[in-house]
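Breakdown of the fold
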Amino acid sequence: MRAPLIILIAVCFSSALKADYVKVSRDAVIRAEGNSSATIIERVEAGTLLPLLSNELIGTGYLKVTTPLGKTGFIYKSWVRIIKGDIPAETITPQTTNELTTSGNLEVHVINVGQGDAIIIRCPDGNHEMLIDAAELNAGFRYPGSQTEFRNYISAFQQENNPIEVAISTHPHSDHIAGMSWVLSEYQVSLYVDNGMKNTSGTYGSLEQKIIDANINRKQLNDSVIPDIDFCPREDVNARILRPAGYDEEGMDPNDYSVIVRVDYGGSSFLFTGDAEREMEHKLMNDPETAALLDVDFLKVGHHGSHSSSDTTFLNVVTPTIAAISCGAETVGTNVSHKHPRMVTVNNLIPYLGQRNGMETSLEAYNRSSGKWEVVSSKAALYITNNDGDLIFLSDGSEIWRRGDR
């Protein structure tokens with residue numbers, strides 16, 4: 001039984017407070033500073049009213065507000081609507097709930113860890129989980145705050161006495177494995193899966209030592225038999241690794257050796273591609289066994305939305321109706337040089353996707369042709385962690401939607 005968290009579903013402020021406030025348009029986070037790598041100090045629900053302390057945009061687009069608990073914090077501009085005038089008086093109604101989980105549905109949490117990947121999936125029974133990747137190093141030369149955000153989120157989501165059935169490191173780059181040693185220390189992990197590749201980094205070396213010292217049950221992509229990752233005991237939920245012919249061909253980019261996962265719940269389907277690029281995408285399409293499993297509803301976009309992944313040939317087979325990109329802020333850490341996501345990828349995805357509820361959303365992406373970051377406004381169901389924050393997707397076995405959009 002998970003310990004409940006106490007949250008506020010409405011906020012009380014004196015009507016005497018002066019001028020301008022914001023109304024939160026979706027479940028959102030408030031940070032200690034005006035950037036996407038800053039520490040989360042509170043989470044608020046859609047409909048919450050917050051006093052606006054300044055109309056000036058901070059950093060990459062944050063507004064300075066007073067939080068429900070009376071702190072000063074920063075909330076991203078696209079998550080709120082500014083309203084002129086005094087904030088109305090409302091009533092505090094405490095509710096006991098776990099703010100990070102919604103029982104009865106399959107849950108896919110794409111955690112906003114900046115320039116890295118971290119995804120945790122929960123079975124509809126509410127008690128079995130699979131983790132895919134574990135964020136980046138906090139170090140200034142990587143992505144500040146990534147690991148802190150990952151640990152805070154997982155700690156709130158998963159109690160220490162609740163095992164994680166499957167943990168997968170898609171490939172041994174630090175922006176995917178940095179937090180995995182911590183996971184193996186804090187939680188009982190029934191099965192750990194990686195791609196079998198070695199790496200010379202200290203992060204990889206520490207993880208390897210942890211696996212050995214703790215005698216972790218481990219399977220690898222290059223085992224003779226594809227590892228079984230069916231983490232959920234329900235018959236209507238299935239998870240499998242897609243391993244096409246030539247998956248271990250020498251000379252490929254290390255990203256192309258990513259462990260690729262498909263999850264099905266009833267009539268809904270999800271594809272998680274790690275950092276796989278065009279070469280692996282084409283191997284998946286050219287192998288009849290894996291090609292037959294590529295047509296899905298939800299795509300976790302490969303390689304943080306880079307131009308090296310998600311070309312139209314691949315998308316013609318996958319045909320996603322909803323997609324998520326995990327990437328960092330344009331001016332922070334490793335994304336200063338990576339410049340993810342790319343505009344060509346965003347433009348490739350949009351024609352395939354369904355629509356969000358509500359108004360158009362502004363998506364920022366780097367245009368290689370112009371050499372500039374540009375904005376595209378769209379109602380397409382494309383969600384980017386740097387723009388939308390932590391993402392929670394739910395499925396009832398028929399439809400998939402982002403929490404707060406339905």
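Everything below is about the structure shown above.
Right, let's walk through the structure included here. Just so you know, these numbers come straight off a predicted model, no measurement behind them. (Residues numbered from 1 in each chain as written. Predicted model: local features only at pLDDT ≥ 70, side-chain atom pairs only at ≥ 80, totals over all residues. Heavy atoms only, no water.)

Along the backbone of the chain there are 10 helices and 25 strands. In terms of C-alpha radius of gyration, the chain reaches 21 Å, essentially the compact-globule figure of 22 Å for 406 residues. A principal-axis box enclosing the C-alpha atoms of the chain has dimensions of 70 × 50 × 40 Å. Within the chain, the fraction of its 406 residues that count as buried is 55%. For the chain, restricting intrachain contacts to residue pairs at least 6 apart in sequence, the fraction spanning at least 24 positions comes to 68%. Carbon together with sulfur atoms contributes 48% to the accessible area of the chain, which is approximately 16200 Å² in total. Averaging the locations of the 34 positively and 52 negatively charged side chains of the chain gives two centres separated by 6 Å. (Helix = DSSP H or I, 4+ residues; strand = E, 2+ residues; numbered from the N terminus. Rg over C-alpha atoms; globule rule 2.2 N^0.38 Å. Buried < 20%, exposed > 50% of the residue type's maximum accessible area, 1.4 Å probe, protein only. Contact = heavy atoms within 4.5 Å. Areas by Shrake-Rupley, 256 points an atom, 1.4 Å probe, with all protein chains shown as cover. Lys, Arg positive; Asp, Glu negative; His and termini not counted. Charge placed at Lys NZ, Arg CZ, Asp CG, Glu CD.)

Glancing now at empty space enclosed by the protein. This model, assessed by the stated rule, comprises 4 cavities of 30 Å³ or more. When its volume is computed, the second largest cavity comes out at roughly 60 Å³. Taken together, Gly328, His340, Pro341, Glu364, Trp373, Ile384, Asn386 and Asn387 make up the full set of residues lining the second largest cavity. For the lining of the second largest cavity, the residue count by class is 3 nonpolar, 4 polar and 1 charged. (1 Å grid on protein atoms, 1.4 Å probe; cavity = no way out; pocket = protein on both sides within 12 Å on 5 of 7 lines; lining within 4 Å. Points joined across faces, edges and corners; volume = space filled by probe spheres on them. Nonpolar A, V, L, I, M, F, W, Y, C, P; charged D, E, K, R; others polar.)

Quick look at the sheet that holds strand β15 (residues 218-220) now. Strand order in this open sheet of 8 strands is β15-β14-β13-β12-β11-β10-β24-β25, and the pairing throughout is mixed. What marks the edges here is a single partner per strand, and that holds for β15 and β25 (400-402). Here the strands of the sheet are splayed against their neighbours by 20 degrees on average, with no regard to which way each runs. One ladder, built from 4 bridges, connects strand β10 (residues 106-110) with strand β11 (residues 119-122); its direction is antiparallel. (Pairing = 2+ DSSP bridges. Axes fitted to C-alpha atoms, helices over the stretch in contact; angles between N-to-C directions.)

A word on the sheet that holds strand β23 (residues 382-384). Judged by pairing direction, the sheet is mixed, and its 6 strands sit side by side in the order β16-β17-β18-β19-β20-β23 without closing on themselves. Either end of the sheet is taken by a strand with one partner, and the two such strands are β16 (237-242) and β23. When the angles between neighbouring strand axes are averaged without regard to direction, this sheet yields 15 degrees. Sheet analysis places β16 next to strand β17 (residues 260-265), joined by 6 bridges and oriented antiparallel. By the bridge assignment for β17, alanine 239 is matched with valine 263.

Residues Ile121, Met130, Phe272 and Phe393 are the most contacted members of the largest nonpolar core, which totals 63 residues. Residues Val113, Tyr153, Trp182 and Ile216 belong to the second largest nonpolar core, which totals 28 residues. (Core = buried A, V, L, I, M, F, W, Y, C linked by side-chain atoms within 4.5 Å.)

Moving on, we get to the pairing of strand β22 (residues 372-378). Pairing between strand β21 (residues 361-367) and β22: 7 bridges, direction antiparallel. For asparagine 367, the partnering residue across the bridge sits in β22 and is lysine 372.

This part covers unusual backbone geometry. Between histidine 340 and the following residue, proline 341, the backbone shows a cis peptide bond with an omega angle of 0 degrees. Inspection of the secondary structure assignment puts proline 341 in the loop between α8 (335-338) and α9 (343-349). In this model, histidine 303 sits at a positive phi of 50 degrees, which is unusual for a non-glycine residue. Among the secondary structure elements, histidine 303 is positioned in the loop between β19 (298-300) and α7 (312-318). By relative accessible area, which is 13% here, histidine 303 ends up buried.

As for its position among the elements, phenylalanine 314 is in helix α7. Under the relative-accessibility criterion, phenylalanine 314 is labelled buried at 2%. Setting aside chain neighbours within four positions, we find phenylalanine 314 in contact with Leu271, Glu281, Leu284, Met285 and Leu294.

Of all the residues in helix α5 (residues 278-286), the buried ones are Met280, Glu281, Lys283, Leu284 and Met285. On the buried face of α5, the contacting elements are β16, β17, α6 (288-291) and α7.

If you walk through the whole model with that rule in mind, you get 1 disulfide. With a sulfur-sulfur separation of 2.0 Å, cysteine 123 is cross-linked through a disulfide to cysteine 232. Of this pair, cysteine 123 sits in the loop between β11 and β12 (129-132) while cysteine 232 sits in the loop between β15 and β16, and the two are 109 residues apart along the sequence. For cysteine 123, a relative accessible area of 1% corresponds to the buried category. On the basis of relative accessibility, which here comes to 3%, the residue cysteine 232 falls in the buried class. (Disulfide = S-S within 2.5 Å.)

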